[in-house]
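Next come the chains, spelled out residue by residue.
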Amino acid sequence: MPLGCLASLFGLRDAAPAPASSSPPSPLAGEKRVPTSLPVSARRYFFSADENAFFRALEDALRGTSYRAFPNVRLNDLFTIDDPAQRGAVLGRLRDKHVDFIIVDAADHFRPRLAIELDGKSHQKAEQQYRDSVKDVIFRSGGLTLLRLPSRRYSVAELRNELRRAGLKSGN
């Protein structure tokens, strides 16, 4: 396309066509570039052996009810921050934390009813005990029961009994 008269006044010329390149064009100022790849790979196993056995038994224990179990749910997805003035501090407590399992009631708009943490050997360490205490405060403050169980294999009957003791109605 020919340049206008102002361009000729200021000595501007048509730009030569850019040489063909196999690399993507460089981003403009303020524009974000999407990487073509990242150094990641899918985990071979989603669960530990105990978590896998627990989840299978939990699904069996909930069969025939309106309850559903979801594994590894982020606390940011479970709780809202009520005080905007404390948002930053509370968000720091929620960020990058999850609960092992959450049980929701599908008949009540998937409302969370009970959270479950499997406490393994790492929960004996002081730093993990501190994180567990913070998580306990989060659940207590949010009005959602957190059931802590030792990490081991459970029968369906044992789980049903634990769920009932934690306040989950079995006839739902």
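Here the structure is a predicted model, which means the values were calculated and not measured.

A. Region of the structure containing the layout of surface pockets. There is about 690 Å³ of room inside the largest pocket. The wall of the largest pocket is formed by 29 residues, among which F79, I138, S141, G142 and G143 lie closest to the centre. For the lining of the largest pocket, the secondary-structure elements that each account for two or more residues are α4 (87-94), β3 (111-119) and α5 (126-142). By residue number, the principal contributor to the lining of the largest pocket is α5, which donates five residues. Among the residues forming the lining of the largest pocket, the class breakdown is 14 nonpolar, eight polar and seven charged. Taken together, R43, Y45, F46, E51, N72 and H98 make up the lining of the second largest pocket. Among the residues making up the lining of the second largest pocket, the classes are represented as two nonpolar, two polar and two charged.

B. Expanded view of the nonpolar core. Counting residues in each nonpolar core, the largest one holds 20 residues, and the members touching the most others are F54, L58, I103, I116 and L163. Elements supplying a minimum of two residues to this core: α2 (49-62), β1 (67-74), β2 (98-105), β3, β4 (146-150) and α6 (156-165). Among the elements that make up this core, the one with the highest residue count is α2 (six residues). The next biggest cluster of nonpolar side chains, apart from the first, holds 14 residues, and it includes V99, V134, F139 and L146.

C. Inspection of the pairing of β4 at higher detail. Relative to β4, β3 runs parallel, the two sharing five bridges. Opposite E117, over in β4, you have R148 as the bridge partner.

D. Broad picture of the sheet that holds β2. Here we have four strands laid out as an open sheet, ordered β1-β2-β3-β4, and mixed in their pairing. Strand pairing shows two members of the sheet lacking a second neighbour, β1 and β4, which therefore form its edges. Shown here is a sheet whose adjacent strand axes are inclined to one another by a mean of 30°, direction ignored. Bridge count between β1 and β2: seven bridges; the pairing is antiparallel. Paired with F70 across the bridge in β2 is I102. Contacts from α5 reach β2, β3 and β4, with the element oriented near 145° to β4. With respect to the sheet, α6 is in contact with β2, β3 and β4, its orientation differing from that of β4 by roughly 145°.

E. Up close: unusual backbone geometry. Of note in this structure, N72 is not a glycine but carries a positive phi near 50°. Along the chain, N72 falls in strand β1. On the basis of relative accessible area, N72 is assigned to the partly exposed category, the value being 27%. One non-glycine residue, H109, lies in positive phi territory at about 60°. The residue H109 is located in the loop between β2 and β3 in this model.

How each quantity is defined
Residues numbered from 1 in each chain as written. Predicted model: local features only at pLDDT ≥ 70, side-chain atom pairs only at ≥ 80, totals over all residues. Heavy atoms only, no water. 1 Å grid on protein atoms, 1.4 Å probe; cavity = no way out; pocket = protein on both sides within 12 Å on 5 of 7 lines; lining within 4 Å. Points joined across faces, edges and corners; volume = space filled by probe spheres on them. Helix = DSSP H or I, 4+ residues; strand = E, 2+ residues; numbered from the N terminus. Nonpolar A, V, L, I, M, F, W, Y, C, P; charged D, E, K, R; others polar. Core = buried A, V, L, I, M, F, W, Y, C linked by side-chain atoms within 4.5 Å. Buried < 20%, exposed > 50% of the residue type's maximum accessible area, 1.4 Å probe, protein only. Pairing = 2+ DSSP bridges. Axes fitted to C-alpha atoms, helices over the stretch in contact; angles between N-to-C directions. Contact = heavy atoms within 4.5 Å.

In short, geometric facts, not functional conclusions.
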